[in-house]
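Here is how the chains run, residue by residue.
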Amino acid sequence: MQHDKVLILDFGSQYTQLIARRVRELNIYSEIHPFNNPPKNINDYKAVVLSGSPMSVRSEDAFHPDLSEIRGKKPMLAVCYGAQYLAHFSGGEVADSNTREYGRANLSFVAEDAFFKNIAVGSQVWMSHSDTIKSLPTKGKLLASTHDVKNAAYKIEGEATYAIQFHPEVYHSTDGKQLLENFLVDIANVNPDWTPNAFVQETVDDLQAKLGDDKVVLGLSGGVDSSVAAMLLHKAIGKNLYCIFVNNGLLRKNEFTQVLEQYKGMGLNVKGVDASARFLDALAGLSDPEKKRKAIGNAFIEVFDQEANLIEDVKWLAQGTIYPDVIESVSATGGPSATIKSHHNVGGLPDYMKLKIVEPLRALFKDEVRRVGASMGMDKDLLGRHPFPGPGLAIRILGDITAEKVRILQEVDAVFINGLRDAGLYDKVWQAGAILLPVNSVGVMGDERTYEKCVALRAVESTDGMTADWVNLPYEFLQKTSNDIINKVKGVNRVVYDISSKPPATIEWE
């Protein structure tokens, strides 16, 4: 089955991924490519969107896309930088704005046009620019204004070319999804038929054709991506899929046993390998975060290679790579990098393994992975799991790693995560965890002085992990959790809560 596709040309905007996701929410397949390295088969795309950019079109270093195969030939929507580019180089004028407009604004004028169907005066939009369009390009017709920006939206008469200075892809543009639907469905006649069920059927068919009777090995992590990838492959090749779940000793409390049982209940052919001692030996004496990551990666490769060699005639390595992993290697200023980022669960396997790669999820965003999993009837608790770092608790234990520190953090983490579930807060948090700090503090328990560990709790809300805000958990919950940790976990006498956002902080501490 062939689907209509939308091409998004990236000029380096922080919002480009959001454009693709909003288009996907309309059940329309979209792809991101750098403006200076577009796909050769432009005719395969039904419509084109030009993203924003941190650049100014008035700069000597301004990006200059070649639109000769697009403009006037394909429906095109130019967002922010794209709108200014069309104006500046097509007979209009772009200048430094006297009133820079960032953040929320409201439409003060909306023309009668299919582009603004069901969008009225007063609709909130999100602005993010310091330049402004002083005059429209040749054949430009004004479609919308805000109080501070007269030329907030326009179209080129005689073409299916539309341009806007605001960002419909961000949540704060309240009718952004409607506007994208108006352009893509009503104006560009894109068929919105790219659904999770269609993806599953087409992917299974493709995998069967590609893999035939070959054997495939997959490293499971217990997370969403590898689990959904496993189910797609299981549907396609059944017993020829060999899953390996490695316990690196850095998982959450009882997670190895629980996840193995969950996988067996899904009908997967899974082998659990307890390599805890091997990983802890590899980490002995290491405190530097990068050295810890490399030690874990190397140990995983050794264990995985050893187990994969026990499978006769295995030819393929399956990875849970998703679309953000792919487009992270693509830059509007540098073009695609030489190597696509590897999925963290396989850590970049060496050439000597001689396995071909299969990545059934490489076209999907994380939220789409969850929807595909749901369409296959996968357990909602598994699909709703918080992201968990590949190196596990090793990067949540600051400093060197010991079995005792792992025990302490596993106990603390269990109290925190189970508490979130019991309080009905787990699904309101994007990611949560505890961090064991490399400091001891004085405390009093009964009449005795203690000198024990301090732990930090971290809970954030996000959509993709690129940015994140700390979650304002109820004081009563934090109070109970702190008391439970100190009373139940031997070795901890102080609990703090991390209230920093990303940026400037990161979600994980290491």
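On a predicted model such as this, the values are computed, not experimentally measured, just so you know.

With that out of the way, let us pick up the overall build of the protein chain. A tally of helices and strands in the protein chain yields 13 helices and 20 strands. Each principal axis of the C-alpha atoms in the protein chain carries an extent, and together these give about 75 × 65 × 40 Å. Taking all 510 residues of the protein chain together, the buried fraction comes to 56%. Of the contacts made within the protein chain by residues no fewer than 6 positions apart, 74% connect residues no fewer than 24 positions apart. Taking the average place of the 55 positive charges on the side chains of the protein chain and the average place of its 65 negative ones, the gap between the two points comes to 1 Å.

To continue, consider helix H13 (residues 475–488). Taking 1.5 Å per residue, 14 residues should reach 20 Å; H13 reaches 20 Å between its end C-alpha atoms and fits that length. Residues of H13 that are buried include every one of Phe477, Leu478, Thr481, Ser482, Asp484 and Ile485, and no others. The arc enclosing the buried residues of H13, seen along the axis, measures out at 165°, which places them on a common side. In H13, those exposed residues whose orientation departs by more than 90 degrees from the buried face are Tyr475, Glu476, Gln479, Lys480 and Asn487. As for H13, its buried residues are in contact with helix H12 (403–422), strand S18 (448–461) and strand S20 (492–497).

Let us now look at helix H2 (residues 81–88). Counting buried positions along H2 yields seven of eight residues, so the element is predominantly enclosed. Every buried residue belonging to H2 is among Tyr81, Gly82, Ala83, Gln84, Tyr85, Leu86 and Ala87, and all of these are buried.

A separate point is the packing of aromatic side chains. Each aromatic ring pair is specified by the distance between its two centres and by the angle formed by the two planes. Per the counting criterion, the structure on display carries 17 aromatic pairs. Between the aromatic rings of Phe115 and Tyr162, the centroid separation amounts to 4.7 Å while the plane-to-plane angle is 25°, which identifies the pairing as stacked. Separated by 47 residues along the polypeptide, Phe115 in the loop between strand S5 (93–110) and strand S6 (124–135) and Tyr162 in strand S9 (residues 161–164) bring together distant segments of the chain. Relative to Tyr263, the ring of Phe245 has its centre 6.2 Å away and its plane inclined at 85°; by these criteria the two rings are edge-to-face. Within this pair, whereas Phe245 is found in strand S11 (residues 241–247), its partner Tyr263 is found in helix H6 (residues 255–265), the two being separated by 18 residues in sequence. As far as burial versus exposure is concerned, Phe245 and Tyr263 are alike and both buried. The ring of Tyr45 has Lys5 lying over it, and the distance from NZ or CZ to the ring centre is 4.7 Å.

The next thing to look at is the pattern of salt bridges. Tallying each qualifying case throughout the model produces 26 salt bridges. Notably, a salt bridge pairs Arg385 with Glu255, separated by 2.4 Å at the nearest N-O pair. With Arg385 in the loop between helix H11 (380–383) and H12 and Glu255 in helix H6, this pair connects stretches of sequence that are 130 residues apart. Like Arg385, the residue Glu255 is buried in the burial classification.

The sheet built from five strands is open, its strands ordered S12-S11-S10-S13-S16 with parallel pairing. Both outer strands of the open sheet, strand S12 (270–274) and strand S16 (356–358), are each paired with one neighbouring strand and no more. Adjacent strand axes in the sheet meet at a mean angle of 30° when their direction is disregarded. Bridge count for S11 against S12 is five bridges, and the pairing is parallel. Residue Cys243 lies in a different strand from S12, and its bridge partner there is Val270. Lying on the sheet, helix H5 (residues 224–237) is in contact with strand S10 (215–220), S11 and strand S13 (314–318); it crosses S10 at an angle near 160°.

Once that is clear, we can look at the side chain of Glu31. If you trace the backbone, Glu31 turns up in strand S2 (residues 29–34). Lys5 is the oppositely charged side chain nearest to the buried, salt-bridge-free Glu31, at an N-O distance of 4.3 Å. Within the structure, the side chain of Glu31 is placed 3.2 Å from the side chain of Tyr29, a separation counted as a polar contact. Side-chain polar atoms of Glu31 contact the side chain of His33, separated by 3.1 Å. Residues contacting Glu31, with those up to four places away along its chain left out, are Lys5, Val6, Leu7, Ile8, Tyr45 and Tyr323.

For the peptide bond that leads from Lys502 to Pro503, omega is -15°, which places it in the cis range. On the secondary structure map, Pro503 appears in the segment after S20. Located in the positive-phi region is Lys139, a residue other than glycine, with phi close to 70°. Among the secondary structure elements, Lys139 is positioned in the loop between S6 and strand S7 (140–146).

Another aspect to go through is the nonpolar core. Membership of the largest hydrophobic core comes to 48 residues, with the highest contact counts inside it found for Val412, Leu420 and Leu473. Among the elements that line this core, the one with the most residues is H12, at eight residues.

Glancing now at the packing of H5 against helix H10 (residues 366–375). Put simply, H5 and H10 touch, their axes get as near as 10 Å, and they point 45° apart. Between H5 and H10, the crossing angle belongs to the class labelled oblique. The handedness of the crossing between H5 and H10 is left-handed. Contacts between H5 and H10 involve Val224, Asp225 and Val228 from the first element and Lys366, Val369, Arg370, Val372 and Gly373 from the second. Class assignment of the residues belonging to the contact of H5 with H10 gives a composition of four nonpolar, one polar and three charged.

Right, let's talk about the environment of Ala198 for a bit. By the secondary structure assignment, Ala198 is in helix H4 (residues 196–211). Sequence spacing of Ala198 and Glu159 is 39 residues, and the spatial spacing of their C-alpha atoms is 33 Å.

Below, the discussion takes up the confidence of the model for the protein chain. Looking at the protein chain as a whole, the pLDDT averages 89, with 93% of positions reaching at least 70. Overall, residues 331–347 carries pLDDT values under 50, and its contacts beyond four positions in sequence, including any with other chains, amount to 45 contacts.

What follows covers the packing of H4 against H5. A pair of packed helices is captured by two measures, namely the crossing angle of their axes and the spacing between those axes. Two numbers describe how H4 lies on H5: the axes approach to 8 Å, and their chain directions differ by 60°. Considering their axes alone, H4 and H5 lie oblique with respect to each other. Relative to H5, H4 is oriented so that their crossing is right-handed. Here Phe199, Val200, Thr203, Val204, Leu207, Gln208 and Leu211 of H4 lie close against H5, whose contacting residues are Leu232, Leu233, Lys235, Ala236 and Ile237. Partitioning the contact of H4 with H5 into residue classes produces nine nonpolar, two polar and one charged.

Rules used throughout
Residues numbered from 1 in each chain as written. Predicted model: local features only at pLDDT ≥ 70, side-chain atom pairs only at ≥ 80, totals over all residues. Heavy atoms only, no water. Helix = DSSP H or I, 4+ residues; strand = E, 2+ residues; numbered from the N terminus. Buried < 20%, exposed > 50% of the residue type's maximum accessible area, 1.4 Å probe, protein only. Contact = heavy atoms within 4.5 Å. Lys, Arg positive; Asp, Glu negative; His and termini not counted. Charge placed at Lys NZ, Arg CZ, Asp CG, Glu CD. Expected span 1.5 Å × (residues − 1). Arc of directions from axis to C-beta. Phe/Tyr/Trp six-rings, centres within 6.5 Å; stacked < 30°, edge-to-face > 60°. Lys NZ or Arg CZ within 6 Å of the ring centre and 35° of its normal. Salt bridge = Lys/Arg side-chain N within 4 Å of Asp/Glu carboxyl O. Pairing = 2+ DSSP bridges. Axes fitted to C-alpha atoms, helices over the stretch in contact; angles between N-to-C directions. Polar contact = N/O pair within 3.5 Å; in protein donor to acceptor, adjacent residues only side chain to side chain. Core = buried A, V, L, I, M, F, W, Y, C linked by side-chain atoms within 4.5 Å. Parallel < 35°, antiparallel > 145°, perpendicular 65-115°, else oblique. Left-handed = near helix turned anticlockwise from the far one by under 90°. Nonpolar A, V, L, I, M, F, W, Y, C, P; charged D, E, K, R; others polar. pLDDT = per-residue confidence, 0-100.

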